[in-house]
Amino acid sequence: MALPKYDQIAGDIRGRIVRGELKTGDTLPSERELTERWSVARATVVRALDVLRQEGLIETRQGTGSIVRERAPLARTAGERYRTAVQTGQVYTAGEYAEIVGAEMLPAPEEVATALGIAVGDQVTRRHRVTFEGEVPTATSWSWFTAEVAGAAPRLLQRERVREGTTRYVEMETGRRPHTGRDWWTARLATEEELELLRLEGPAAVSEARHVAYDAEGRPLAYEVGISPGGRWTRTDEYAMND
């Protein structure tokens, strides 16, 4: 089912902010321009802008219109990083970079085996990274790939950055294009390892996002678990609460 139009508009603008195409102080297209571009009623555009204001990404100034606020702390989803890689050729935006902590083959634990549709104990490739904005760690994540995928994409086992992003790289090497993504979110206390990686004082809350990318045939391409410090948003949902 397609997202509502207001959500599509908000998502498009949000993505441009996350990728750095719209920077702090930049003015958004006017309501009239957005109405014409998306072929929607003005009320739909107003609702989309309201979502972005609630997320703290934009503000409206008299006589100026809507502008991008000073960059709010962001926690980008794996799907957002893939779209950035497709559009720009690089998975990270300006000021962002990752340190690859590990890249290895190991037996799949139950959680990973279930996500990738393989047997427990089958060999998988695991990549572990910490993402930074400047000197500040903003996330740590673990990505898993089947032995079949890793065999076709050998850079997954190198402790070097894959600048186009691992999902995009896998697509380029295997021809299997991501078609569907499934995400789960939860909030919990950080583990000792996460406190150290993210330079947090414990106890501290973190957001955990689990992501599976599937190809057009419904076969899993990758499984990722990403951890971000509390207070960094991933998405906003708006829904009816009456019938």
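For the structure, see preceding data.
Note that the structure is predicted; figures quoted are calculated from it, not measured.

Undergrad: Could you clarify how one ought to interpret the overall build of the protein chain in this entry?
TA: Each helix and strand counted, the protein chain has eight helices and eight strands in total. Expressed as a percentage of the 243 residues in the protein chain, the buried residues total 47%. Of all intrachain contacts in the protein chain linking residues separated by at least 6 positions in sequence, the fraction that spans at least 24 positions is 58%.

Undergrad: Got a minute to help me understand the packing of helix H1 (residues 5–18) against helix H3 (residues 42–54) in this structure?
TA: Helix-helix packing is described using two parameters, namely the angle between the two axes and the distance between the axes. Where H1 meets H3, the axes come as close as 8 Å, and the angle between the chain directions of the two elements is 50°. The orientation of H1 with respect to H3, classified from their angle, is oblique. Handedness of the crossing formed by H1 with H3: right-handed. Here Lys 5, Tyr 6, Ile 9, Ala 10, Ile 13 and Arg 14 of H1 lie close against H3, whose contacting residues are Thr 44, Val 45, Arg 47, Ala 48, Leu 49, Val 51 and Leu 52. Its residues placed into classes, the contact of H1 with H3 shows nine nonpolar, one polar and three charged.

Undergrad: What should I look at first to understand the nonpolar core in this one?
TA: Taken as a class, soluble globular proteins show a tendency for nonpolar side chains to be buried jointly. Counting residues in hydrophobic clusters, the biggest one holds 19 residues, and the most contacted among them are Val 112, Leu 116, Val 124, Trp 144, Tyr 223 and Ile 227. Of all the secondary-structure elements, those providing two or more residues to this core are helix H5 (110–116), strand E5 (136–146), strand E7 (205–215) and strand E8 (220–229). For Trp 144, the contacting residues outside a window of four places in its chain are Val 112, Leu 116, Val 124, Thr 125, Arg 126, Ala 222, Tyr 223 and Val 225. Within the second largest apolar cluster, 18 residues are counted, among which are Ile 13, Trp 38, Val 45 and Val 51.

Undergrad: Got a minute to help me understand the environment of Glu 148 in this structure?
TA: Assignment of secondary structure puts Glu 148 in helix H6 (residues 147–152). Here Glu 148 falls in the exposed class, since its relative accessible area comes to 58%. Residues Glu 148 and Gln 123, 25 residues apart in the sequence, show an inter-C-alpha distance of 9.4 Å.

Undergrad: Explain the side chain of Asp 215 to me, please; I cannot follow it from the model alone.
TA: Its place among the elements puts Asp 215 in strand E7. Looking at Asp 215, the relative accessible area reads 4%, which means it is buried. Looking at Asp 215, its side chain comes within polar contact range of the main-chain nitrogen of Arg 219, at 2.8 Å. Setting aside residues up to four positions removed in sequence, Asp 215 forms contacts with Arg 176, Arg 177, His 179 and Leu 221.

Undergrad: Where do I start with the pattern of salt bridges in this structure?
TA: Opposite charge on two side chains allows them to pair when their charged atoms are near. Applying the stated criterion across every chain, the model contains 17 salt bridges. Notably, a salt bridge pairs Glu 171 with Arg 168, separated by 3.2 Å at the nearest N-O pair. Of this pair, Glu 171 and Arg 168 both sit in helix H7 (residues 166–174), separated by three residues, roughly a single helical turn. Salt bridges sharing common partners tie together Glu 111, Arg 188, Glu 194, Glu 208 and Arg 210.

Undergrad: Can you help me understand the sheet that holds strand E3 (residues 96–107) in this one?
TA: In any sheet, the strands associate via hydrogen bonds between backbone groups, in a parallel or an antiparallel arrangement. The six strands are arranged E3-E4-E5-E8-E7-E6 in an open sheet whose pairing can be described as antiparallel. Of all the strands in the sheet, the pair left with one neighbour each is E3 and strand E6 (178–189). Between one strand and the next, the sheet's axes are offset by a mean angle of 15°, whatever the strand orientation. Across eleven bridges, the pairing between E6 and E7 is antiparallel. Each residue of the ladder has a partner; that of Arg 188, found in E7, is Val 206.

What counts and how
- Residues numbered from 1 in each chain as written.
- Predicted model: local features only at pLDDT ≥ 70, side-chain atom pairs only at ≥ 80, totals over all residues.
- Heavy atoms only, no water.
- Helix = DSSP H or I, 4+ residues; strand = E, 2+ residues; numbered from the N terminus.
- Buried < 20%, exposed > 50% of the residue type's maximum accessible area, 1.4 Å probe, protein only.
- Contact = heavy atoms within 4.5 Å.
- Axes fitted to C-alpha atoms, helices over the stretch in contact; angles between N-to-C directions.
- Parallel < 35°, antiparallel > 145°, perpendicular 65-115°, else oblique.
- Left-handed = near helix turned anticlockwise from the far one by under 90°.
- Nonpolar A, V, L, I, M, F, W, Y, C, P; charged D, E, K, R; others polar.
- Core = buried A, V, L, I, M, F, W, Y, C linked by side-chain atoms within 4.5 Å.
- Polar contact = N/O pair within 3.5 Å; in protein donor to acceptor, adjacent residues only side chain to side chain.
- Salt bridge = Lys/Arg side-chain N within 4 Å of Asp/Glu carboxyl O.
- Pairing = 2+ DSSP bridges.

Just distances and angles here, no functional claims.
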